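# Examination of the molecular architecture
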Amino acid sequence: MEEKSHTFNDYVTCPYNKAHKLLRGRLAKHLDRCRRNSGISKELRICPFNKTHRYSEEEFAAHIKVCPDAAATSKTFEAFKTEQPVPRPVLVECEESWDNEPDVPAYNPRAYCEENNIIRTNGLKGQSKAARREFRENERRRFAEKR
């Protein structure tokens, strides 16, 4: 018996309503909607390997044994099991302690900019025209003193 390869554009039949023929790619969305709207008293069981496989209680056990997606899933799990475990990093003892370093003052960007020839503009935002003019004059004096 020749096995047919399934593609995304194959037409399949809805298990809830045999009159529904739809593309395989739309089956998952259709099944959820059709299950709610069908009003069928019996519930179909969902295959653990492929959520588009829906079978009655009697057919479910037989399907699990021959489900084509079960083989693909088991091969994936086997591939994960055969991989070598990741070795844990080895901790190396070190005599150096960064906590014993001398205290250093925290970096202050405002003080650094005032001491060096760096153009500052953050003092101008939201200020009045007179305050901006005064800030620019102070900056010019500061640059003239640094030269």
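The following refers to the structure shown. (Residues numbered from 1 in each chain as written. Predicted model: local features only at pLDDT ≥ 70, side-chain atom pairs only at ≥ 80, totals over all residues. Heavy atoms only, no water.)

## So, the nonpolar core
Among the nonpolar cores identified, the biggest contains 8 residues, and these are V12, C14, Y16, L22, L27, L31, C34 and L44. Considering each element in turn, this core owes the most residues, 3 residues, to helix α1 (residues 27-38). With sequence-adjacent residues up to four places away left out, L22 is seen in contact with D10, Y11, V12, C14, L27 and H30. (Core = buried A, V, L, I, M, F, W, Y, C linked by side-chain atoms within 4.5 Å. Buried < 20%, exposed > 50% of the residue type's maximum accessible area, 1.4 Å probe, protein only. Helix = DSSP H or I, 4+ residues; strand = E, 2+ residues; numbered from the N terminus. Contact = heavy atoms within 4.5 Å.)

## Considerations on the packing of aromatic side chains
Using the criterion set out here, one finds 1 aromatic pair in the structure. Each ring, one from Y107 and one from Y112, has its centre 6.2 Å from the other, and the planes form 50°; the classification is tilted. Directly above the ring of F143 sits R142, whose terminal nitrogen or CZ lies 4.9 Å from the centroid. (Phe/Tyr/Trp six-rings, centres within 6.5 Å; stacked < 30°, edge-to-face > 60°. Lys NZ or Arg CZ within 6 Å of the ring centre and 35° of its normal.)

## Topic: a positive patch on the surface
Positive charge collects at one region of the surface, where R26, K29, R33, R35 and R36 lie side by side. Take R36: it is sitting in helix α1. (Patch = residues over 30% accessible without salt bridge, like charges linked within 9 Å, V, L, I, M, F, W, Y side chains within 5 Å. Areas by Shrake-Rupley, 256 points an atom, 1.4 Å probe, with all protein chains shown as cover. Salt bridge = Lys/Arg side-chain N within 4 Å of Asp/Glu carboxyl O. Lys, Arg positive; Asp, Glu negative; His and termini not counted. Charge placed at Lys NZ, Arg CZ, Asp CG, Glu CD.)

## Brief notes about the pattern of salt bridges
All chains considered together, the criterion is met by 6 salt bridges. Of the charged contacts, one joins R45 and E57 as a salt bridge, the two residues approaching to 2.9 Å between their closest N and O atoms. In this pair, R45 is assigned in strand β3 (residues 45-46) and E57 in helix α2 (residues 57-66), connecting sequence segments 12 residues apart. With a closest N to O distance of 2.4 Å, E139 and R120 form a salt bridge. Residue E139 is found in helix α5 (residues 129-146), and its partner R120 is found in the loop between α4 (109-115) and α5; the two are separated by 19 residues along the sequence. Grouping residues by exposure puts E139 and R120 together as buried. Bridged by salt links that share partners, the residues E114, R120, E139 and R142 form one connected network.

## Observations regarding the side chain of H53
Inspection of the secondary structure puts H53 in the loop between β3 and β4 (54-55). Setting aside residues no more than four positions away along its own chain, H53 makes contact with R45, I46, C47, H63, C67 and D69.

## Quick word on α5
Between its first and last C-alpha atoms α5 spans 26 Å; for 18 residues at 1.5 Å apiece the expected length is 26 Å, and the two agree. Within α5, the full set of buried residues consists of F135, E139 and R142. Down the axis of α5, the buried set is contained in an arc of 60°. They therefore lie on one face. Facing away from the buried surface of α5 by more than 90 degrees, the exposed residues are K129, R140, A144 and E145. (Expected span 1.5 Å × (residues − 1). Arc of directions from axis to C-beta.)

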